[in-house]
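What the coordinates show
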Amino acid sequence: MSEQQELFKNIAQFVADSRVLIEKGAMVEMAGMDKQVQHLCERVLELSGEDRIKYADSLQGLMNELNILGKDLTKKREALANEIRYLSSHKKASVAYKTADAKGNLVDENSGIR
């Protein structure tokens, strides 16, 4: 297997694995992916024109998969942002209720009246 084929295989597997993990709700570390893709593109550009044409469909397919992964990551980020906003609002409401409850249970020490 050529270096280019090995790179395609590894990147495609990483993308597929990442999509499965995102679907399951897991966080995915993408650090280094851009360098892997850049390295692959550089290796393909080093090939003769005829050999480069052989990789055109594979590069297009990989680009499509990376775009889908990007959309999956965007959806995940938006879902997390909504969850954080909800938790923040929920926490604020909880604090407000506790504060109101605490004020409602205050006893006037001089009269003993609530």
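Residues numbered from 1 in each chain as written. Predicted model: local features only at pLDDT ≥ 70, side-chain atom pairs only at ≥ 80, totals over all residues. Heavy atoms only, no water.

Some points on the confidence of the model for the protein
Operational definition: Confidence of the prediction at every residue is given by pLDDT, a number between 0 and 100. Counting from the N terminus, the helices are the DSSP runs of H or I reaching at least four residues and the strands are the DSSP runs of E reaching at least two.
Confidence in the prediction for the protein averages 81 pLDDT; 81% of positions are at 70 or higher. Across the protein, helix 1 (residues 3-23) holds the top mean pLDDT of 91, while helix 3 (residues 49-104) sits lowest at 81.

Details of the side chain of Ser 18
Counted only if it meets this: Burial classes follow relative accessibility: with a 1.4 Å probe on protein chains only, a residue under 20% of its type's maximum area counts as buried, one over 50% as exposed, and anything between as partly exposed. Residue contacts are counted whenever heavy atoms from the two residues lie within 4.5 Å of one another.
Turning to its location among the elements, Ser 18 is positioned in helix 1. Relative accessible area serves as the criterion here: at 2%, Ser 18 is assigned to the buried category. Setting aside its immediate chain neighbours within four residues, Ser 18 contacts Val 28, Met 30 and Leu 69.

Focus on helix 1
Worth spelling out the cut-off: Expected helix span is given by 1.5 Å per residue-to-residue step, counting one fewer step than there are residues. Each C-beta atom gives one direction from the helix axis, and the arc is the one those directions make.
With 21 residues, helix 1 ought to run about 30 Å at 1.5 Å a step, and its terminal C-alpha atoms sit 30 Å apart, in line with that. Along helix 1, the residues that are buried comprise Gln 4, Leu 7, Phe 8, Ile 11, Val 15, Ser 18 and Ile 22. Projected down its long axis, helix 1 carries its buried residues within an arc of 100°, all on one side. One or two positions beyond helix 1, positive phi appears at Gly 25, with a value near 90°.

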